[in-house]
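# Structural description and commentary
Chain residues, written in single-letter form:
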Amino acid sequence: MSSISGPVVVLLTVLQWAGRGLPSPVRPICDPRVLDRFIMEARETETALRGCKAGCGVTGTFVVPLTNVDLVVWETKDTGEQALEVQSGMSLFGQVLSAVRESVSRVAVQILIDNNKSNIHSLGQVLRSLHIQDLSLPPAPAVGDSVTRKVSSLSELLHVHTNFLRGKVRLLLTNAPACQQNST
């Protein structure tokens, strides 16, 4: 498992482009390798904690965003609506991971959860840097809301988190206007 956290990856990517002297580097998050790194770290955490006995002391149910995407519906939404949906989901994951972290006693598990929380924060910063819209923190979706579901284990929570990054976050960042401008 890698010990490099998300913000460090972004910084190294920027420095790598600056060192090459490129006149107009692609925004780091527009480079799919950066998001791939966040996804890889989420997947590694999911894999590492899959065998965690009794959920590493985590009990209860957690409300998480839905990860399924109907592309026809997604594409009819404007970028601001898509960004708000992603930001709401990221906020919800941040809240849930904070609660989970408080309930685990194993330091190794706490470190993995802290890394995922840091990555969520970094992705939030990235979304704000793309100037898609004013992404003030949206209210957390209610339990039973049509955009959320419940999970009952740590491994299921982490699996949903990984899928959210692979789905809605990737779709949003791939089609973000700032990233489209750089591809022309």
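In what follows, the structure referred to is the one given above.
Residues numbered from 1 in each chain as written. Predicted model: local features only at pLDDT ≥ 70, side-chain atom pairs only at ≥ 80, totals over all residues. Heavy atoms only, no water.

### Brief notes about the packing of helix 2 (residues 32-50) against helix 5 (residues 107-129)
Working note: a packed helix pair is described by the angle between its axes plus the distance between those axes. Put simply, the rule is: To get an axis, a line is fitted to the C-alpha atoms, and for a helix only the part in contact is used. The angle between two axes follows their N-to-C directions and goes from 0 to 180 degrees. Per the convention used, a helix needs a DSSP run of H or I reaching at least four residues, while a strand needs a run of E reaching at least two, with both numbered from the N terminus. Should an angle fall under 35 degrees it is taken as roughly parallel, and over 145 as roughly antiparallel, whereas 65 to 115 is taken as roughly perpendicular and any remaining angle as oblique. The handedness criterion is simple: a crossing whose near helix is rotated anticlockwise from the far helix by less than a right angle is left-handed, and one whose near helix is rotated clockwise is right-handed. The contact definition used throughout considers only heavy atoms, calling two residues in contact when any of these lie within 4.5 Å. Residue classes follow a fixed rule: Ala, Val, Leu, Ile, Met, Phe, Trp, Tyr, Cys and Pro count as nonpolar, while Asp, Glu, Lys and Arg count as charged, and any other residue, Gly among them, counts as polar.
Helix 5 packs onto helix 2 with a crossing angle of 155 degrees between their chain directions and a minimal axis gap of 10 Å. Classified by the angle their axes make, helix 2 and helix 5 are roughly antiparallel. Crossing of helix 2 against helix 5: the hand is left-handed. For the pair helix 2 and helix 5, contact is made by L35, F38, E41, A42, T45, A48 and L49 and by V109, L112, N115, N116, N119, S122 and L123, respectively. Of the residues in the contact of helix 2 with helix 5, the class split is 8 nonpolar, 5 polar and 1 charged.

### Here's the deal with the pattern of salt bridges
The cut-off we apply is this: We define a salt bridge as a side-chain nitrogen of Lys or Arg found within 4 Å of a carboxyl oxygen belonging to Asp or Glu. Buried residues are those whose accessible area, probed at 1.4 Å on protein chains only, stays under 20% of the maximum for their type, while exposed residues exceed 50% and partly exposed ones sit between those limits.
Under the criterion given, the structure shown has 8 salt bridges. For E46, the salt bridge identified is with R50, shortest N-O distance 3.3 Å. A residue pair is termed a helical-turn pair when its members lie 3 or 4 positions apart in one helix, as E46 and R50 do in helix 2 at 4 residues. Under the relative-accessibility criterion, E46 is labelled buried at 7%. Note that R101 is salt-bridged to D114, the shortest N-O span being 2.6 Å. Within this pair, whereas R101 is found in helix 4 (residues 79-103), its partner D114 is found in helix 5, the two being separated by 13 residues in sequence. Its relative accessible area of 22% is what places R101 among the partly exposed residues.

Without other data, these values stay purely geometric and don't point to any function.
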